[in-house]
Amino acid sequence: MRDAEFTEYVTAKALWLRKVAFLLCGDWHAADDLVQNAITKLYTKWHHASKAQNIDGYARTILVNTFLAEQRSPWTRWVVLRNAQDQLAVREGDIDAALDLRVALAALPSRQRATVVLRYFCDLSVDETAQTMGCSSGNVKSQTARGITTLRRLLQSSYAASPEEYKA
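Computed from a predicted model, the values in this text were never measured in an experiment.

### Things to note about the packing of aromatic side chains
- In total, this model carries 4 aromatic pairs according to the counting rule given.
- Geometrically, the ring pair formed by Tyr-9 and Trp-46 is tilted, given 5.6 Å between the ring centres and 40° between the ring planes. Of the two residues, Tyr-9 sits in helix H1 (residues 2-25) while Trp-46 sits in helix H3 (residues 46-49), which places them 37 residues apart along the sequence.
- What makes Tyr-9 buried here is its relative accessible area of 11%.
- Residue classification places Trp-46 among the buried positions, given a relative accessible area of 3%.

### Observations regarding the pattern of salt bridges
- Under the defined criterion, the tally for this structure stands at 2 salt bridges.
- Close ionic contact of Asp-56 with Lys-13 constitutes a salt bridge, the shortest N to O distance being 3.2 Å. With Asp-56 in helix H4 (residues 55-72) and Lys-13 in helix H1, this residue pair connects regions lying 43 residues apart in the sequence.
- With relative accessibility at 25%, the residue Lys-13 sits in the partly exposed group.
- One salt bridge connects Arg-18 with Asp-32, and the closest N-O pair in it is separated by 2.5 Å. Within this pair, whereas Arg-18 is found in helix H1, its partner Asp-32 is found in helix H2 (residues 28-44), the two being separated by 14 residues in sequence.
- A relative accessible area of 33% means that Asp-32 is categorised as partly exposed.

### Brief notes about the nonpolar core
- Judged by nonpolar contacts, the single largest core of 37 residues is most densely connected at Leu-24, Leu-34, Leu-42, Leu-63, Val-64 and Leu-105.
- Of all the elements in the fold, those that place two or more residues in this core are H1, H2, H3, H4, helix H6 (95-107), helix H7 (110-121) and helix H9 (137-161).
- Here this core takes 10 residues from H1, the largest share from any one element.
- The contacts of Val-64, once residues within four sequence positions are left out, are Leu-24, Ala-114, Leu-118, Thr-132 and Met-133.

Each value, and the rule that gives it
Residues numbered from 1 in each chain as written. Predicted model: local features only at pLDDT ≥ 70, side-chain atom pairs only at ≥ 80, totals over all residues. Heavy atoms only, no water. Phe/Tyr/Trp six-rings, centres within 6.5 Å; stacked < 30°, edge-to-face > 60°. Helix = DSSP H or I, 4+ residues; strand = E, 2+ residues; numbered from the N terminus. Buried < 20%, exposed > 50% of the residue type's maximum accessible area, 1.4 Å probe, protein only. Salt bridge = Lys/Arg side-chain N within 4 Å of Asp/Glu carboxyl O. Core = buried A, V, L, I, M, F, W, Y, C linked by side-chain atoms within 4.5 Å. Contact = heavy atoms within 4.5 Å.

As structure tokens, then:
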């Protein structure tokens, strides 16, 4: 029964978890590894998670905490798993802008990236983001503000570099 519930949940949420993980890591292969690690941790805590009011929030918290823990690990300082030349598929919209945003997002420090992803992709409130990350609301606000400021600066400089490419 427990395994069936867990399998059903993970099957339903795998793509969502992978998208969030990709926005955190900036690499599909690293995102797959991150999701696998988070799912493994979720399975070990499934008896608690299945009783939670918000299972998605529980899973998201595990995913973000796993990402942040991996960023603190010496392993990530020595092994670079993402390739700056990777081309990312975008289903619709402005491909160049989406690629620029993803490159800029990947340039953010891990905690700023996590707050921006949680606030704007996952659409969490400041308090929900603070709870997910295990920090204060003020920390979320400052990390988000710094992250947005850095994203604006990076995106403005990339558009300023060759304005003829970005004219409509």
